[in-house]
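Structural overview
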Amino acid sequence: MAGRVFRLSMMGGDNCLDEPPQMLPPPPGTFVDREELIQHVGDFAVSQGYVVTIKQSKRDKFVILGCDRGGVYRNRRKLADDSSGEQNSRKRKMASRLTNCPFEAVGKKDDGLWILTIKNGTHNHEALKDISEHPSARRFNENEVLLIKEMTEAGLKPRQILKRLRQSNPELMSTPKHVYNVKAKIRQGNVTVRNFKSLRPQTSAMISDDQAVTEPSWRQRNPPRVPNLIGGRFVDSQSFSSIDVINPATQLVVSQVPFTTSEEFRAAVFAAKRAFPLWRSISIASRRRIMFKFQELIHRDIDKLAMTITTEHGKPLKDAYDDVWCGLEVVEHACGLATTQIGEFAPNVSKGIDSYSVREPLGVCAGICPSEFPAMIPLWMFAIAVACGNTFVLKPSEKDPGASVILAELAMEAGLPNGVLNIVHGTNDILNSICDHEDIKAITFSGPEAAGAYIYARASASRKRTQCNTGVKNHAVVMPDANMDATLNALVAAGFGAAGQKCMAISMAIFVGGLSRWESKVVESAKAIKVNSGKEPNAEIGPVISKQMRERICRSIQASVECGARLVLDGRDIVVPGYEQGNFIGPTILCDVRVDMDCCKDESFGPVLLCMQVESLEEAINIINRNQNCGGASIFTSSSLTARKFQAEVEVGQVGINIPVSDPLPVASFIGCRPSFMGDTSFDGKAGIHFYTQMKRVTQKWNDNVSVVESTEEGSC
């Protein structure tokens, strides 16, 4: 009997497949912007066999969509008019006429989001079996109208004109009657194409160059405006407030970053929240394939990414490529996250009871990026988060957001669903909104100490999972038995590379046993460094990112000199030919600094190396441990015993032995400690996966299985 019911239902299903579409109205819903709502209605309508058009619209308030009468219309007969009496009665001619379709959908903007309601979901015509039957498919484009005009002037008949048009566009559905209509308009002097607002894309293949490539509005401006990414679409912000992105070598404006409005921010979070259920349900294998494709696309566009970083940040191209490569390693690590998300299973913990744990994504996460690594740090954040099944709202640095936008474009091209990754821009207001929004479950931050402390306190008060990696002061201890050449190369590279604008830069060198034999060598090596625009092939150090940063570094140098530091190499007055307006500071070395000076406490974030001398290793370790901002420390020595003592007693998160402190590989976690890191779990690696997921313990018991087992045991006895 069950099998018979199944066969009947299958037969009914086959019959349903033969029936024409029912022309159902699109499901109501909430959308992040007007275009998404229109696209939703249009796509659904085409699937049901009808085409919608914009009947009325006020861009920032409402839009009314109606059916663009396609298909075969039902006959509507006019009744005879008997009101005039028998003598004057005259039977009107019975005929059919076409009426406007009553279908109507209304989208209204409310609190920053667009809400779709169906005012009338019925139609007075049958569904189109083939969408190409719709009249919109028979309209000529602008090029074809001009060709019709030329061929008409040459004496060709409509059928001849149509035949020639179809040679270049075989899919053209127009008839000779349509050509006659166009010729009539041409005779009247009207050669323009009707502005047809149908949501169905144009089927004609002959598209002019202007129509073929339509640049988004944010690219058409000069300078271009950096867009928001909301729900899978790059959209220009409606904000009138913006900040210029300036090339630090030339002072030319590269682009403008509008401050995302509160409505746009809520729309971005809403898009991420709406995308989360579907994204988390996608298999790990599918997410991994997207990350593999993402990795491939980054390889393809690495030149574009590096050039964008150099233009906006100023670092030499070599450092810009390293920036992208380090981020690419994170994406490669994200491709293999399947094995790291395996839970634990404990069978039969009690009679008939199993217990197991699973790792689940959190939901909507957010990342707040600094300026020093425009590609690596965004990839640190969102690559791991989305690979674990979360959706993400990214706020790049307002000083160099270009790389983040390119990475987002590549992620979308790789197949990342709409809404999984969103981008917003701004400063204090956006930071507060990220900390306060109830739908954001976790926040990752990297940047200055004061901002990190503020974000950690405010986000924690909202019960958000938070990790903040803030300003650091890395130290290098140089022992008397250290290899001279290797140590000099390491100090110069780590102290002045990227103009000191990196969290792992060595800003203080402590020389145990005396500085005299090292000072001249360090100065000589620093003077050999070439300072130039990052785009020049010989550049080893580029400009600092802004004039404000340059002024801050210069003030810090001057204050240190006034407090008694000895300036042995001054890079403040350097002038780079051809880039006289650039924010350049050459390598600078201050000797005889003391721990009570501000320069020894604060993060310098410039090409400045502080040098001091101490009598013993214990004194050097004590100086490092008392520094509140020390995140990493290195030692240069030929003695393994000395290195082991240093490793055991120094209280930092990252230790280097005969090598500068560096960012670890993605498989190992970036570890900070003390005030330089605030949070429970660190960045990438296993700790990063733990940050973006939560454990769930499941204990299960199936009574039917227990009864079967018990009965089997009884039977065996």
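Residues numbered from 1 in each chain as written. Predicted model: local features only at pLDDT ≥ 70, side-chain atom pairs only at ≥ 80, totals over all residues. Heavy atoms only, no water.

With an unreviewed UniProt entry as reference, the protein chain is termed methylmalonate-semialdehyde dehydrogenase (CoA acylating), source organism Rhodamnia argentea. Recorded under Sequence similarities (unreviewed entry), the UniProt text for the protein chain is reproduced unchanged: "Belongs to the aldehyde dehydrogenase family." (UniProt positions renumbered as here; feature names shortened; annotations may be inferred.)

Quick look at the overall build of the protein chain
A count of helices and strands for the protein chain gives 23 helices and 25 strands. A total of 717 residues make up the protein chain; the buried ones form 49% of that total. Taking contacts inside the protein chain between residues at least 6 apart in sequence as the whole, the part at least 24 apart equals 70%. Carbon and sulfur atoms make up 51% of the accessible area of the protein chain, which totals about 35200 Å². (Helix = DSSP H or I, 4+ residues; strand = E, 2+ residues; numbered from the N terminus. Buried < 20%, exposed > 50% of the residue type's maximum accessible area, 1.4 Å probe, protein only. Contact = heavy atoms within 4.5 Å. Areas by Shrake-Rupley, 256 points an atom, 1.4 Å probe, with all protein chains shown as cover.)

Brief notes about the packing of helix 14 (residues 428-436) against helix 15 (residues 449-461)
When two helices pack together, their arrangement is given by the angle between the helix axes and the distance between those axes. Running from N to C, helix 14 and helix 15 point in directions that differ by 35°, and their axes come no closer than 8 Å. Relative to helix 15, helix 14 is oriented so that their crossing is right-handed. Counted together, Leu-431, Asn-432, Cys-435 and Asp-436 of helix 14 and Tyr-454, Ile-455, Arg-458 and Ala-459 of helix 15 form the full contact between these two elements. The residue makeup of the contact of helix 14 with helix 15, split by class, is five nonpolar, one polar and two charged. (Axes fitted to C-alpha atoms, helices over the stretch in contact; angles between N-to-C directions. Left-handed = near helix turned anticlockwise from the far one by under 90°. Nonpolar A, V, L, I, M, F, W, Y, C, P; charged D, E, K, R; others polar.)

Considering helix 11 (residues 317-334)
With 18 residues, helix 11 should cover 26 Å at 1.5 Å per step; its first-to-last C-alpha distance of 26 Å lies within 8% of that length. Burial in helix 11 covers these residues: Asp-319, Ala-320, Asp-323, Val-324, Gly-327, Leu-328, Val-330, Val-331, His-333 and Ala-334. (Expected span 1.5 Å × (residues − 1).)

Focus on the packing of helix 3 (residues 142-153) against helix 4 (residues 158-168)
The interhelical angle for the contact between helix 3 and helix 4, taken along N-to-C directions, is 135°, at an axis separation of 10 Å. With respect to each other, helix 3 and helix 4 are oriented oblique. Crossing geometry of helix 3 relative to helix 4 is assigned as right-handed. Between helix 3, through Glu-144, Leu-147, Ile-148, Met-151 and Thr-152, and helix 4, the contact on the second element is made entirely by Ile-161, Arg-164 and Leu-165. Within the contact of helix 3 with helix 4, the residues separate by chemical class into five nonpolar, one polar and two charged. (Parallel < 35°, antiparallel > 145°, perpendicular 65-115°, else oblique.)

Let's talk about the nonpolar core
The biggest cluster of nonpolar side chains holds 64 residues, and the ones touching the most others in it are Val-477, Phe-511, Ile-589, Val-593, Ile-624 and Phe-646. Core analysis: the second largest hydrophobic core is formed by 54 residues, Trp-279, Val-386, Ala-408 and Leu-410 among them. (Core = buried A, V, L, I, M, F, W, Y, C linked by side-chain atoms within 4.5 Å.)

Some details on the sheet that holds strand 5 (residues 113-120)
An order of 1-5-4-3-2 is seen for the five strands of this open sheet, with the pairing classed as antiparallel. At either margin of the open sheet sits one strand with a lone partner, and together these are strand 1 (29-31) and strand 2 (52-58). Ignoring which end each strand starts from, the neighbouring axes of this sheet average 25° apart. Bridging between strand 2 and strand 3 (residues 62-67) involves six bridges; their strand directions are antiparallel. Opposite Gln-56, over in strand 3, you have Ile-64 as the bridge partner. On top of the sheet, helix 8 (residues 262-281) reaches strand 1, strand 4 (104-110) and strand 5; it is set at about 125° to strand 1, its chief contact. (Pairing = 2+ DSSP bridges.)

So, the pattern of salt bridges
Under the definition given, this model contains 22 salt bridges. Among the charged side chains, a network of salt bridges with common partners joins Lys-55, Glu-104 and Lys-119. (Salt bridge = Lys/Arg side-chain N within 4 Å of Asp/Glu carboxyl O.)

Structural notes on the packing of aromatic side chains
Summed over all chains, the structure comprises six aromatic pairs. A ring pair is formed by Phe-511 and Trp-518, whose centres lie 5.8 Å apart and whose planes are at 40°; its orientation type is tilted. On the accessibility criterion, Phe-511 (0% relative accessible area) is buried. Note on Phe-691 and Tyr-692: the rings are 5.0 Å apart at their centroids and 80° apart in plane angle, and the pair reads as edge-to-face. For Phe-691, a relative accessible area of 2% translates into the label buried. Residue Tyr-692 is classed as buried on the basis of its relative accessible area, which comes to 2%. (Phe/Tyr/Trp six-rings, centres within 6.5 Å; stacked < 30°, edge-to-face > 60°.)

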